[in-house]
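The residues making up each chain are set out below.
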Amino acid sequence: MPDALPERRITLTVNGKEHSAVTEDRYSLADFLRHGLGLTGTHLGCEHGVCGACTVLVDGEAVRGCLMLAVQAEGRQVTTIEGLAGDDGTLSPLQAAFMDNHGLQCGFCTPGILTTLTAYLRDNPDADEPELREALSGNICRCTGYDTIVRAALAAADAMRKGATA
Amino acid sequence: MKPAPFTYHRAESLAEAAEMAATLDNARLLSGGQSLMAMMNLRYVAVDHLIDLNPVAEIAGITIGSGRVTLGAMTRQRTVLEDAALATCCPILREALGFVGHVQTRNRGTVGGSLAHLDPAAELPGMAALLGAEITLTSQDGARRVAMADYPLGYMTPDINEGEILTTLSFDAWPSAHGWDFREFAQRHGDFAMAGVGSLITLDTDGRIDRAAVVLIGVDDGPVRPTDVEAMMIGETPSDALFRAAGALIAERPMAGDALVTEAYRQHLAGVLLRRSLANACVRASESAHA
């Protein structure tokens with residue numbers, strides 16, 4: 001093993017703001033966001049791609065933050081849970097719907113669910129319940145039993161179709 | 001939980017990746033990372049060098065010409081799932097790819113990565129076997145082609161030599177009038193299938209089956225083409241009795257058993273899935289013949 005662990009400087013945009021920071025080669029994107037940039041809203045559950053808690057958007061698409069290396073995010077646009085609300089703190093329609101419909105209990109899985117659904121509802125604004133349940137199949141929640149999450153997602157889709165914006 | 005330390009190498013071209021693969025010791029190729037990164041996080045796999053193929057655009061993309069389909073190894077699973085031309089000429093791919101993980105993993109996961117990982121329950125190797133595909137492996141010494149039938153050497157052991165990079169998967173599309181079906185059974189959508197079945201069927205002008213291909217996944221070390229089932233379909237008129245006989249035949253085949261799924265349960269599942277899959281593929285074959 002080398003004396004110093006391999007590392008390099010990367011530049012990327014996170015939630016609209018450009019960051020340049022040094023990361024170990026082996027750091028996952030999720031670890032880099034948390035430890036390198038202090039954005040601890042992205043949660044790590046299983047760290048092998050199953051639970052979905054670490055889901056972030058890279059160039060607008062939902063990916064597992066634990067299965068992508070930070071060095072692979074060089075030059076990319078990353079959106080985390082911290083980037084979903086408006087600059088003045090106004091919740092996005094999706095976030096508001098989760099609050100209104102009790103779409104979370106402990107909240108650990110919520111960042112991954114909100115990032116996943118942000119991309120999904122953007123691409124599928126007319127999604128119905130079976131489609132939303134399948135879209136959520138990559139996010140594990142151990143509190144809610146999913147019903148309130150699905151209800152919140154349907155309410156958010158409805159609100160966005162009626163013109164609500166972030 | 002972090003991977004053991006390694007040095008990351010960004011390959012900008014296939015030639016550069018091949019040179020790295022030939023010269024770096026204890027190196028692994030990184031494609032979508034949806035299996036390899038998980039194994040590295042768990043330290044099942046520890047490497048000194050990781051060669052990232054993601055920037056290598058020349059091995060990504062879908063080409064369809066003269067009935068031949070070529071998928072670049074770095075084509076994302078989501079791209080295969082959503083490609084309109086592919087859905088027209090090979091509709092079974094869309095049906096099967098919908099079962100590959102979840103949207104978050106399909107956004108990163110690749111065709112080549114799935115073929116190189118070669119999980120016994122994986123849908124993409126199953127599709128490659130069903131379509132009689134050919135795999136191209138490229139190294140500094142040139143390209144080598146391997147038939148999918150010969151490619152699995154054992155449990156999660158593909159025929160890839162040191163220094164070789166899986167670059168394409170290619171196969172002949174079926175005639176436009178054909179029937180298809182893919183289905184599987186898993187505890188949760190996107191989980192590893194306990195068993196899965198894919199079927200392709202064509203009918204002659206009298207409505208009899210004149211070509212049949214079947215694949216099973218998740219039941220053995222790699223994808224299985226049951227030639228006995230395929231042979232018994234030829235010349236037959238589709239019927240419930242025929243599909244039941246095929247299901248009964250497959251349920252007698254020795255299969256893997258594990259702590260969660262006994263061999264008997266897997267055989268039962270495979271038999272039911274095969275019966276339903278053949279029935280639906282024949283319905284679709286009939287519909288497409290009269291379209």
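All figures in this text were calculated on a predicted structure; none of them were measured in a lab. The residue numbers shown here count from 1 along each chain, following its written sequence. In the order they appear in the text, chains get letters beginning with A and ligands get numbers beginning with 1. Two thresholds apply to this predicted model, a pLDDT of at least 70 for residue-level local features and 80 or more for giving and counting side-chain atom pairs, whereas whole-chain, interface and lining totals are computed over all residues.

Asks: For this particular structure, what's the right way to read the overall build of chain B?
Replies: Helices and strands together make up the secondary structure of chain B, namely 11 helices and 13 strands. The C-alpha atoms of chain B give 19 Å as radius of gyration, which agrees with the globular expectation for 291 residues (19 Å, within 12%). With the C-alpha coordinates of chain B rotated into their principal frame, the extents come out at 60 × 45 × 30 Å. Sequence separation of 24 or more characterises 63% of the internal contacts of chain B that already satisfy a separation of 6 or more. Only runs of H or I of at least four residues qualify as helices and only runs of E of at least two qualify as strands under DSSP, and these elements are numbered from the N terminus. Within these notes, the globule rule equals 2.2 Å times the number of residues to the 0.38 power, and the radius of gyration is based on C-alpha atoms. A residue pair is marked as a contact if its C-beta atoms, positioned from the backbone, fall within 7 Å.

Asks: How should the sheet that holds strand β2 (residues 27-30) of chain B be read in this particular structure?
Replies: Backbone-to-backbone hydrogen bonds pair the strands of a sheet. The strands run either parallel or antiparallel. Residue and element names in this part refer to chain B. At least two bridges found by DSSP between two strands is the condition for calling them paired. With respect to topology, 3 strands assemble into an open sheet ordered β1-β3-β2, the strand pairing being parallel. Sheet topology places β1 (7-10) and β2 at the edges, where each strand pairs with a single neighbour. Across this sheet, the average inter-strand angle for adjacent strands is 25°, counted without regard to direction. Relative to strand β3 (residues 49-52), β1 is paired through 4 bridges, and the arrangement is parallel. Counted as the bridge partner of Tyr8 is Leu50 from β3. Inter-axis angles, ranging from 0 to 180 degrees, are taken between N-to-C directions of lines fitted to C-alpha atoms, where helices are fitted over the stretch in contact.

Asks: Explanation requested: the domain arrangement of chain A in the structure shown.
Replies: A common way to express how large an interface is: the accessible area buried when the components associate. Residue and element names in this part refer to chain A. For chain A, the assigned domains are domain 1 (7-83) and domain 2 (93-161). What fixes the domain bounds is an automatic or database domain assignment. The C-alpha centroid of domain 2 is placed 21 Å from the C-alpha centroid of domain 1. Listed per partner, the contact involves 16 residues of domain 1 and 12 residues of domain 2. Taken together, the elements giving at least two residues each to the side of domain 1 that touches domain 2 come down to β3 (55-58) and β4 (61-64). If you tally residues by element for the side of domain 1 that touches domain 2, the top one is β3, at 3 residues. Under the scheme applied, nonpolar residues are Ala, Val, Leu, Ile, Met, Phe, Trp, Tyr, Cys and Pro; charged residues are Asp, Glu, Lys and Arg; polar residues are all the others, including Gly. Residue composition of the side of domain 1 that touches domain 2, grouped by class: 7 nonpolar, 8 polar and 1 charged.

Asks: I keep staring at the confidence of the model for chain B and nothing clicks. Help me out?
Replies: When pLDDT drops low, the exact placement of atoms in the prediction is not to be read closely. Taken as a whole, chain B shows an average pLDDT of 97; of its residues, 100% reach a score of 70 or greater. Overall fold confidence (pTM) sits at 0.96, and the ipTM for the predicted complex is 0.95. pLDDT measures how confident the predictor is about each residue, on a scale from 0 to 100.

Asks: Explain the packing of helix α3 (residues 110-123) of chain A against helix α5 (residues 147-161) of chain A to me, please; I cannot follow it from the model alone.
Replies: Two quantities define a packed helix pair, namely the angle between the helix axes and the distance between the axes. Residue and element names in this part refer to chain A. Packing of α3 against α5 brings their axes to within 11 Å, and their N-to-C directions diverge by 40°. In terms of their interaxial angle, α3 and α5 are classed as oblique. In the crossing of α3 with α5, the sense of the turn from one axis to the other is right-handed. Packed against α3, whose contacting residues are Ile113, Leu117 and Leu121, the element α5 presents Ile149, Ala153, Ala156, Ala157 and Met160 at the interface. Here roughly perpendicular refers to angles of 65 to 115 degrees, roughly parallel to angles under 35, roughly antiparallel to angles over 145, and oblique to all remaining angles. Crossing handedness follows the turn of the near helix against the far one: under a right angle anticlockwise gives a left-handed crossing, and clockwise gives a right-handed one.

Asks: Looking at this structure, I do not really get the domain arrangement of chain B. What am I missing?
Replies: All names here are of chain B. Looking at chain B, the domain boundaries give domain 1 (1-52 + 59-173) and domain 2 (179-289). Taken over C-alpha atoms, the centre of domain 1 sits 25 Å from the centre of domain 2. Among the elements that take part in the side of domain 1 that touches domain 2, helix α8 (residues 123-130) stands out by supplying 6 residues, more than any other. Here the residues of the side of domain 1 that touches domain 2 sort into 14 nonpolar, 4 polar and 2 charged.

Asks: Quick question: what am I supposed to make of the sheet that holds strand β11 (residues 179-185) of chain B here?
Replies: All names here are of chain B. If you trace the 3 strands from one edge of the open sheet to the other, you get β11-β12-β13, paired in antiparallel fashion. Across the chains shown, the open sheet's two edge strands, defined by having one partner strand only, are β11 and β13 (209-217). Each adjacent strand pair in this sheet contributes to an overall mean axis angle of 10°, direction not counted. Sheet topology note: the β11/strand β12 (residues 195-203) ladder contains 7 bridges and is antiparallel. Bridged to Gly179 within β12 is Ile201. Running at roughly 30° to β12, helix α11 (residues 263-289) makes contact with β11, β12 and β13 of the sheet.

Asks: Just to check I follow, could you spell out the interface of chain B and chain A for this structure?
Replies: With 24 residues of chain B at the contact, the number on the chain A side is 26 residues. Counting residues per element, the ones that place at least two in the side of chain B that touches chain A are β1, α2 (36-41) and α6 (103-106) of chain B. Across the side of chain B that touches chain A, the residue classes tally to 9 nonpolar, 11 polar and 4 charged.

Asks: Explanation requested: helix α10 (residues 240-250) of chain B in the structure shown.
Replies: Residues and elements named next belong to chain B. Comment: burial labels come from other C-beta atoms within 10 Å of the residue's own C-beta, placed from the backbone, where a count of 20 or more is buried, 12 or fewer is exposed, and between is partly exposed. Within α10, burial applies to Phe243, Ala246, Gly247 and Ile250. One face of α10 carries all of its buried residues, which in axial projection span an arc of 100°. Exposed and facing more than 90 degrees away from the buried side of α10 are Ala241 and Ala248. The inward-facing, buried residues of α10 contact α9 (227-233) and α11. Summarising the geometry, the arc corresponds to the directions from the helix axis toward the C-beta atoms.

Asks: What exactly am I supposed to notice about unusual backbone geometry here?
Replies: Apart from glycine, the bulk of residues carry a negative phi angle, and the bulk of peptide bonds sit in the trans form. Residue and element names in this part refer to chain B. Positive phi is not limited to glycine here, since Asn26 has a value of about 45°. Structurally, Asn26 is set in the loop between α1 (14-23) and β2. The phi dihedral of Arg43 falls on the positive side, at around 60°, and the residue is not glycine. Assignment of secondary structure puts Arg43 in the loop between α2 and β3.

Asks: Explain the nonpolar core here, please?
Replies: Burial of nonpolar side chains together is a common tendency in soluble globular proteins. Any nonpolar core is a set of buried residues, restricted to Ala, Val, Leu, Ile, Met, Phe, Trp, Tyr and Cys, that join up through C-beta atoms within 7 Å. Counting 139 residues, the largest nonpolar core has Leu29(A), Ala17(B), Ile51(B), Leu115(B), Ala128(B) and Ala270(B) as its most contacted members. By residue number, the principal contributor to this core is α11(B), which donates 9 residues. Setting aside chain neighbours within four positions, we find Ala270(B) in contact with Ala195(B), Val197(B), Leu216(B), Val219(B), Ile250(B), Ala251(B) and Met255(B).

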